[in-house]
Amino acid sequence: MARPQPATVVLAGSHESHGGRDLAALVAADPAVHAAAPAGRPLTEAVRSALADGEGPVCVVPMTLGRDPRLVADAARSLRWLAAGEGRGRLALTAPFGAAEHLVGWLRAAAGPAPDGALLVTAPAAGPFEDAELFRIARLVRQYGRHRWVEVAFEGGDPDPVEGAERCRLLGAREVTAVPASFGPAPHPAPSVVRDGGPLLRPAALAGVVAARTAAALHLLGHGEDGIAAGLDAEHGHGYAHGHGHGPGEAHPHHGHPHPQSPYPRQPHHHPHAPAPTPH
C-alpha cells in the first residue's frame, strides 16, 4: 500500500503579517511550507504553484491571530475555483492559525512579570473593527494578567507607539514592555523608553501551530471536507451591524435564519475566560 503524500503548506497573510512578509522566516525554515502570500491573486498563484510541484495535498493556513476573520473568507474565495478544478480532492483550507482567546493567552505569556510596569501591545494598523478588537483583547490581557497597565499602539495608526509609550509613562509606569499582537516585531519609539518583549511566539511554536492546523485539515479532507465552504462564512457578523431590508427603513435583525456550522470563530460572539498561556 502506497504511503500517503506529505502535505504542502501555503500561508495566507494579511495586515497581521504585513501581507505575509513577516512569515518569510517560517517559509525558509520549514520545508513543508511552500510560500506565504496575501489573499487574492497572489494566494491563488502560490497555491497553483504548490499543486504543480507535487501530487500530495495542499493546505492553506489563514495566518490570523484572531483579529482578521476577513482573511479566512478571502482565502476561501481565492481557493474555491481551484478546489473545483486542478485542486479537486487535494486542496484544503485549515482553521485559522489563532483566535482572539489564543491571542490573549499568547500576549500574557510573552509579557512576563512586571508588577510596576506597563505592557504596550502593538500591531500594524488595519480597519476600525480590527483595531477596536485589539483594545478589547488588551483589556482581557490586563484582566487576567499581572500588569497594572496594558495599552495599545498601532504602527501607522492612532495612537502610534510614541503616543502609547507616553501614555504609559503618564499613568505612572516605571517600565514599558512592548509585545506585538502580530507576526512581526514590535516597533519601538526609543530603547531607553520601551523594553523589547520579544516576538509573540518563538519559531518552534509558530511551526507547531501550523503543523497542528494542517494535521486537522488533512483529517477532514480525508472525510471529504475541504474547509472552503465553512471559510466563506467566517467573516459573518464582523463589521457594522446590518439587517436585510425590503425597502427604505425596513430591516429585520439578522437572527432568524440558520447558517452552516463553521469551525471558524465569529466575532465578537464568545465569552472569554482566563486562557492558559501557550508556552513558547
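Above this text sits the structure in question.
Note that the coordinates shown come from a computational prediction; the quantities given were computed from them, not determined experimentally.

Here we look at the overall build of the protein
Item 1. Counting its secondary structure elements, the protein contains 8 helices and 8 strands.
Item 2. Counting only contacts in the protein whose residues sit at least 6 apart along the sequence, the fraction spanning at least 24 positions is 75%.
Item 3. Here the protein displays about 14000 Å² of accessible surface, and carbon together with sulfur accounts for 56% of that area.

Digging into the sheet that holds strand β8 (residues 194–196)
What links the strands of a sheet is backbone hydrogen bonding, and the strands pair in either a parallel or an antiparallel sense.
Item 1. With parallel pairing, the 4 strands of this open sheet are ordered in space as β6-β5-β7-β8. Each edge of the open sheet carries a strand with a single partner, namely β6 (149–155) and β8. Averaged over all pairs of adjacent strands, the angle between their axes in this sheet comes to 35°, without regard to strand direction.
Item 2. Bridge count for strand β5 (residues 117–124) against β6 is 7 bridges, and the pairing is parallel. Within β6, the position partnered with Ala 118 by the bridge is Trp 149.

Details of the packing of aromatic side chains
Item 1. For the structure shown, the criterion picks out 3 aromatic pairs.
Item 2. Seen in terms of ring centroids, Phe 97 and Trp 106 are 5.6 Å apart; in terms of plane orientation they differ by 50°. Their pairing is tilted. For the pair Phe 97 and Trp 106, a shared accessibility class is recorded, and that class is buried.
Item 3. With 5.8 Å between their ring centres and 55° between their planes, Phe 135 and Phe 154 make a pair best called tilted. Note that Phe 135 is positioned in helix α5 (residues 128–144) and Phe 154 in strand β6, a separation of 19 residues in sequence.

Thoughts on the pattern of salt bridges
Item 1. Scanning the model with the defined rule gives 7 salt bridges in all.
Item 2. Asp 74 serves as the salt-bridge partner of Arg 77, at 2.5 Å between the closest nitrogen and oxygen. With Arg 77 and Asp 74 both in helix α3 (residues 69–84), this residue pair falls 3 residues apart, about one helical turn.
Item 3. For Arg 77, a relative accessible area of 31% translates into the label partly exposed.
Item 4. Residue classification places Asp 74 among the partly exposed residues on the basis of a relative accessible area of 27%.
Item 5. Note that Glu 133 is salt-bridged to Arg 136, the shortest N-O span being 2.7 Å.

Some details on the nonpolar core
One recurring pattern in soluble globular proteins is that nonpolar side chains are buried together.
Item 1. In terms of nonpolar packing, the biggest core is built from 37 residues, with Leu 11, Met 63, Phe 97, Leu 107, Leu 200 and Val 210 touching the most fellow members.
Item 2. Elements represented by at least two residues in this core include exactly β1 (8–13), α1 (24–29), α4 (100–111), β5, α5, β6 and α7 (203–221).
Item 3. When neighbours within four sequence positions are excluded, Leu 11 is seen to be in contact with Leu 23, Leu 26, Val 27, Val 33, Ala 35, Ala 36, Ala 37, Leu 43, Val 61, Met 63 and Val 210.
Item 4. Formed by 22 residues, the second largest nonpolar core is a distinct cluster that contains Ala 35, Leu 43, Ala 83 and Ala 234.

Overview of the pairing of strand β2 (residues 33–38)
Item 1. Judged from the 5 bridges that link them, β1 and β2 form a sheet pairing that is parallel. Opposite Gly 13, over in β2, you have Pro 38 as the bridge partner.
Item 2. You can see the chain leave β1, run along α1 and come back into β2, and the turn it takes is right-handed.

Concerning α7
Item 1. Taking 1.5 Å as the rise per residue, α7 with 19 residues should run 27 Å; its terminal C-alpha atoms sit 27 Å apart, in good agreement.
Item 2. Listing the buried residues of α7 in full gives Ala 205, Leu 206, Val 209, Val 210, Arg 213, Thr 214, Ala 217 and Leu 221.
Item 3. The inward-facing, buried residues of α7 contact β1, α1, β3 (58–62), β4 (91–93) and α4.

Reading the values: rules and limits
Note that residues are indexed from 1 along each chain, following the sequence as it is written. With the structure being a predicted model, the display of local features is reserved for residues of pLDDT at least 70 and the display and counting of side-chain atom pairs for 80 or more, all residues being used for whole-chain, interface and lining totals. The side-chain figures draw on all heavy atoms in the structure; neither hydrogens nor water molecules are used. Strands are runs of DSSP state E lasting at least two residues, helices are runs of H or I lasting at least four, and both sets are numbered from the N terminus onward. In this analysis, two residues are considered to be in contact whenever any of their non-hydrogen atoms come within 4.5 Å of each other. Each accessible area is a Shrake-Rupley estimate made with a 1.4 Å probe; only the visible protein chains count as cover when residues are assessed. Pairing between two strands requires that DSSP report at least two bridges joining them. Helix axes are fitted only over the stretch in contact, all axes being lines through C-alpha atoms; the angle between N-to-C directions runs from 0 to 180 degrees. Between 30 and 60 degrees the pair is tilted, below 30 it is stacked and above 60 it is edge-to-face, where a pair is any two Phe, Tyr or Trp rings, Trp via its six-membered ring, whose centres lie within 6.5 Å. Relative accessibility decides the category of a residue: with a 1.4 Å probe and only protein chains considered, values under 20% of the type maximum give buried, values over 50% give exposed, and everything between is partly exposed. When a carboxyl oxygen of Asp or Glu is within 4 Å of a side-chain nitrogen of Lys or Arg, the pair counts as a salt bridge. To form a nonpolar core, buried Ala, Val, Leu, Ile, Met, Phe, Trp, Tyr and Cys residues must be joined to one another through side-chain atoms within 4.5 Å. When the strands point away from the viewer, a crossover counts as right-handed if the route from the first strand across the helix to the second turns clockwise. Helix span, as expected, comes to 1.5 Å for every residue beyond the first.

Any functional reading would require information that these geometric values do not contain.
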